[in-house]
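# Coordinate analysis (summary)
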Amino acid sequence: MNTSLSSTVPLGSPLYAQVKQAVLAALAQGEWKQGEAIPPEKLLAERFGVSIGTLRKAIDELAAENILVRHQGRGTYVAVHTRNHHFFKFFRIVRQDGDKSYPATELLRFRRVRASAIAREKLNLPAGAMVFEFLNLLSLNGDVVMMDEICLPESCFPGMTEAHLRDRASTLYALYQDVFGVNVIATDERLRTCVAERMQARALGVAEGSPLLEIRRVAFSYKRQAVEWRISRVNTERYEYLGQEPWEAGA
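Here goes a summary of the coordinates provided. (Residues numbered from 1 in each chain as written. Predicted model: local features only at pLDDT ≥ 70, side-chain atom pairs only at ≥ 80, totals over all residues. Heavy atoms only, no water.)

## Comments concerning the pattern of salt bridges
Note on pairing: side chains with opposite charge can pair once their charged atoms come close. We apply this condition: For this document, the term salt bridge refers to a Lys or Arg side-chain nitrogen within 4 Å of an Asp or Glu carboxyl oxygen. Put simply, DSSP H or I for four residues or longer makes a helix, DSSP E for two residues or longer makes a strand, and each gets a number counted from the N terminus. Think of it in three bands: residues with accessible area under 20% of the maximum for their type are buried, residues over 50% are exposed, and the middle band is partly exposed, with areas taken using a 1.4 Å probe on protein chains only.
Summed over the entire model, instances satisfying the criterion amount to 22 salt bridges. Arg47 serves as the salt-bridge partner of Glu31, at 2.8 Å between the closest nitrogen and oxygen. Of this pair, Glu31 sits in the loop between helix H1 (15-28) and helix H2 (41-48) while Arg47 sits in helix H2, placing them 16 residues apart in sequence. Overall, Glu31 belongs to the partly exposed group, its relative accessible area being 21%. For Arg47, a relative accessible area of 25% puts it in the partly exposed group. Residue Arg192 pairs with Glu214 through a salt bridge whose shortest N-O separation is 3.9 Å. One end of the pair, Arg192, is in strand E7 (residues 186-195); the other, Glu214, is in strand E8 (residues 211-220), with 22 residues separating them in the sequence. Classification of Glu214 by relative accessible area gives buried; the value is 6%.

Okay, structure coming up:
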């Protein structure tokens, strides 16, 4: 497996951008796994036929996007999802006093079904594709705060079971990575308001018809492959959505 430069990018792109896309293509093909070192810069520069400076600019962008991680004196590695600041890159619900904490999760439902029309659209799936759908209830500091409806393409998560979700040792995205080799590197989120329907009201402990925050998210792996579609509904009585923080602006 040896991704070439010319086969992965449109003509006319800046050379460093072409290198960046070629590295992403290699990651998407599984050439380098999460936590593994990528080849030294000299070898990659030779492989793609570019200068060390051009190669470094591409690697710098991937490191800034938390796709790669530089370790001084050791090399550059594929980023790994762990319980650290990477978790809060994707989990944006905090208490109104600014407190950040990891949620406790209760799995309410798990099933394998044919993808709905909206799931096919969001996940770019063909008609008849199978997906896994599950429902999670999330609590922060003992408060039930959030309900997640999550849809995953079976093609990306073959063999997923309810036990995978119930028995996971870490975050959901760490499960995707460790068990199925799917690394979430970016999300597209859209926010709107909604009202609590009966099931959501009971689960979140609010009156039916109460206002909730609704977050619609598509999660992407390498080469913008959509790997997760979810709708989150949040009780904002004591909690709120935290957008990009000032020190993330340059990331």
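## Side note on the side chain of Ser221
Here is the rule: Distance and chemistry together define a polar contact, namely a pair of N or O atoms within 3.5 Å, with one atom able to donate a hydrogen and the other to accept it when in protein, and with adjacent residues in sequence counting only for side-chain atoms on both sides. Any two residues whose heavy atoms approach within 4.5 Å are treated as being in contact.
The residue Ser221 is located in the loop between E8 and strand E9 (226-234) in this model. Of the residues examined, Ser221 reaches a relative accessible area of 7% and is grouped as buried. A polar contact is formed between the side chain of Ser221 and the backbone oxygen of Asn183, at a distance of 2.8 Å. Ignoring any residue separated from it by four or fewer positions in sequence, one finds Ser221 in contact with Asn183, Ile185 and Val227.

## Regarding the nonpolar core
Here is the rule we go by: Remark: nonpolar core denotes a set of buried residues (Ala, Val, Leu, Ile, Met, Phe, Trp, Tyr, Cys) joined through side-chain atoms within 4.5 Å.
Counting 21 residues, the largest nonpolar core has Leu27, Trp32, Phe48, Leu55, Ile67 and Leu68 as its most contacted members. At the level of secondary structure, the elements contributing two or more residues to this core comprise H1, H2 and helix H3 (52-64). Among the elements that make up this core, the one with the highest residue count is H1 (six residues). Other than its neighbours up to four places away in sequence, Ile67 contacts Leu24, Leu27, Leu62, Tyr77, Val78, Ala79, Ile185 and Tyr222. In terms of nonpolar packing, the next biggest core, distinct from the first, is built from 20 residues, Leu107, Cys156, Met160 and Leu175 among them.

## Some words on the packing of aromatic side chains
Centre distance and the angle of the planes are the two values used to describe a pair of aromatic rings. Our working rule: What counts as a ring pair is set by centres within 6.5 Å for rings of Phe, Tyr and Trp (its six-membered ring), and what kind of pair is set by the plane angle: stacked under 30 degrees, edge-to-face over 60, tilted for all other angles. Here, over-ring charges are defined by two tests on the NZ atom of lysine or the CZ atom of arginine: distance to the ring centre within 6 Å, and angle to the ring normal within 35 degrees.
Scanning the model with the defined rule gives six aromatic pairs in all. Seen in terms of ring centroids, Phe110 and Phe134 are 6.5 Å apart; in terms of plane orientation they differ by 35°. Their pairing is tilted. With Phe110 in strand E4 (residues 104-114) and Phe134 in strand E5 (residues 130-140), this residue pair connects regions lying 24 residues apart in the sequence. Grouped by ring-pair contacts, the aromatic residues Phe90, Phe157, Tyr173, Tyr176 and Phe180 constitute a single cluster. Positioned above the aromatic ring of Tyr16 is the side chain of Lys57, whose terminal nitrogen or guanidinium carbon lies 4.3 Å from the ring centre. Taking NZ or CZ as reference, Arg224 lies 4.0 Å from the ring centre of Phe220, over its face.

## A short note on the packing of H1 against H3
Under the convention used in this document: Structural elements are reduced to axes, namely lines fitted to C-alpha atoms, with helices fitted over the stretch in contact, and the angle between N-to-C directions of any two is expressed from 0 to 180 degrees. Any angle that falls under 35 degrees is termed roughly parallel, while one over 145 is termed roughly antiparallel, one within 65 to 115 roughly perpendicular, and all others oblique. Each crossing gets its handedness from the near helix: less than a right angle anticlockwise from the far helix is left-handed, clockwise is right-handed. Here the term charged refers only to Asp, Glu, Lys and Arg, the term nonpolar to Ala, Val, Leu, Ile, Met, Phe, Trp, Tyr, Cys and Pro, and the term polar to all other amino acids, Gly among them.
Packing of H1 against H3 leaves a shortest axis separation of 8 Å and a crossing angle of 55°. By the angle class used here, H1 and H3 are oblique. Where H1 crosses over H3, the handedness of that crossing is right-handed. Across from Leu15, Tyr16, Val19, Lys20, Val23 and Leu24 in H1, the residues of H3 making contact are Thr54, Leu55, Lys57, Ala58, Glu61 and Leu62. Here the contact of H1 with H3 is composed, by residue class, of eight nonpolar, one polar and three charged.

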